Amino acid sequence: MRAEQIVLLLVAALAAGWVDAVVGGGGLLQLPALLLAGLSPVEAMATNKTASIFGTASAAVTFARRTKFDRAVAVPAGILAVCFAGAGAASAALLAAEVLKPLVMVVLLAVAAFVTLRPAFGLAPDPRLRVRARVAAAIVVSGVFIAFYDGILGPGTGTFLLIAFTSILGLDFVHASATAKIINTGTNLGALLVLGTQGKVVWALGLGMAACNIAGAQLGARMALRRGAGFVRAVLLCVVSALVLRLGYDQFSG
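All values reported here derive from a predicted model rather than from experimental measurement.

Could you give an account of the side chain of N184, with specific residues and numbers?
In this fold, N184 is placed in helix α8 (residues 173–197). With residues up to four places along the chain from it excluded, the contact list for N184 reads T56, D150, T157, G158 and L161.

Have a look at this one:
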């Protein structure tokens with residue numbers, strides 16, 4: 001691998017760490033960069049998880065130190081996420097990505113429309129929504145369904161977690177992002193355990209990118225905490241739009 005390719009990957013990891021820490025979706029930057037560098041799709045996914053888990057865990061620690069996250073949801077959902085993301089990674093070969101991408105695009109477009117048409121959504125908490133049934137629903141949605149999706153495909157996982165906690169539990173964007181980091185760390189761990197034991201990780205590259213991902217994640221987490229929910233909302237809309245464009249390109253360019 002040439003020196004300029006390595007530099008590009010490190011820069012992509014830095015930017016991805018920032019995006020992941022704020023709203024999720026850093027794979028939008030890291031995965032294409034890894035594929036352009038010549039890695040196979042499964043090597044790119046595995047190496048992306050290696051870099052992402054360090055950045056996401058780093059952001060989770062920063063959020064936990066400076067704001068509250070929903071422990072009643074994050075702990076059980078995080079444990080489930082390790083298992084179901086691993087199951088998703090193990091099942092990746094059984095389901096073509098082309099089956100999921102159109103559905104993911106539709107969901108993302110719905111998310112973008114919903115957030116755009118409801119400008120107050122996620123800017124302030126709504127504690128009335130935090131009832132027992134909704135807590136259980138948030139655990140299942142994040143720890144089972146979104147985690148399995150992250151293992152089998154992945155783009156936008158952090159974004160889906162953010163929207164899930166905001167809409168189901170009534171959290172504001174900052175506290176939803178803090179809680180999402182715990183579950184996203186679990187999904188990365190579950191997928192990495194499977195892909196790592198299969199020998200798909202390019203470890204030297206992944207660990208180098210991890211250092212840059214941590215640096216970006218620290219910048220992103222601190223900026224989100226300092227600038228608040230309105231900033232997170234703006235970044236969310238940008239990332240969702242970019243994800244839709246990227247998935248659309250992948251779906252229709254071939």
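For the environment of V131, give the residues involved together with the corresponding values.
For V131, the position within the fold is in the loop between α5 (97–117) and α6 (132–152). Through-space distance from the C-alpha of V131 to that of I168 is 9.7 Å; in sequence the pair is 37 residues apart.

Hey, could you go over the nonpolar core for me, with residue numbers and the actual values?
Of all hydrophobic cores here, the largest spans 57 residues; its most connected members are V23, V73, L108, F165, L169, V232 and L236. Not counting residues up to four positions away in its chain, the partners in contact with V73 are G78, V135, A138, I139, F165 and L169. Within the second largest apolar cluster, twelve residues are counted, among which are A12, L34, L39 and L205.

Quick one: what's the story with the pattern of salt bridges, residue by residue and with numbers?
Should the charged atoms of two oppositely charged side chains come close, the side chains can pair. Applying the stated rule across the entire model yields four salt bridges. Here D150 ties to K49 by a salt bridge, and the two come within 2.6 Å at their closest N and O atoms. Of this pair, D150 sits in helix α6 while K49 sits in helix α3 (residues 41–66), and the two are 101 residues apart along the sequence. When sorted by exposure, D150 lands in the same class as K49, which is buried. D70 is paired through a salt bridge with R130; the nearest N and O atoms lie 2.7 Å apart. Here R130 lies in the loop between α5 and α6 and D70 lies in the loop between α3 and α4 (71–90), a separation of 60 residues in the sequence. By relative accessible area, D70 is classed as buried at 10%.

An account of a positive patch on the surface is requested, with residue identities and associated values reported.
A cluster of basic residues, R65, R66, R222, R226 and R227, forms a positive patch on the protein surface. Among the secondary structure elements, those contributing two or more residues to the positive patch are α3 and α9 (203–227). Tallying contributions element by element places α9 first for the positive patch, with three residues. Of note, R222 is situated in helix α9.

For the packing of α3 against α9, give the residues involved together with the corresponding values.
As a packed pair, α3 and α9 sit with axes 7 Å apart at the nearest point and diverge in direction by 30 degrees. The angle between α3 and α9 falls in the class roughly parallel. In this structure, the crossing between α3 and α9 has a hand that is right-handed. Class assignment of the residues belonging to the contact of α3 with α9 gives a composition of 14 nonpolar, ten polar and two charged.

Conventions we followed
Residues numbered from 1 in each chain as written. Predicted model: local features only at pLDDT ≥ 70, side-chain atom pairs only at ≥ 80, totals over all residues. Heavy atoms only, no water. Helix = DSSP H or I, 4+ residues; strand = E, 2+ residues; numbered from the N terminus. Contact = heavy atoms within 4.5 Å. Core = buried A, V, L, I, M, F, W, Y, C linked by side-chain atoms within 4.5 Å. Buried < 20%, exposed > 50% of the residue type's maximum accessible area, 1.4 Å probe, protein only. Salt bridge = Lys/Arg side-chain N within 4 Å of Asp/Glu carboxyl O. Patch = residues over 30% accessible without salt bridge, like charges linked within 9 Å, V, L, I, M, F, W, Y side chains within 5 Å. Areas by Shrake-Rupley, 256 points an atom, 1.4 Å probe, with all protein chains shown as cover. Lys, Arg positive; Asp, Glu negative; His and termini not counted. Charge placed at Lys NZ, Arg CZ, Asp CG, Glu CD. Axes fitted to C-alpha atoms, helices over the stretch in contact; angles between N-to-C directions. Parallel < 35°, antiparallel > 145°, perpendicular 65-115°, else oblique. Left-handed = near helix turned anticlockwise from the far one by under 90°. Nonpolar A, V, L, I, M, F, W, Y, C, P; charged D, E, K, R; others polar.

Just geometry here; none of it tells us what the structure is for.
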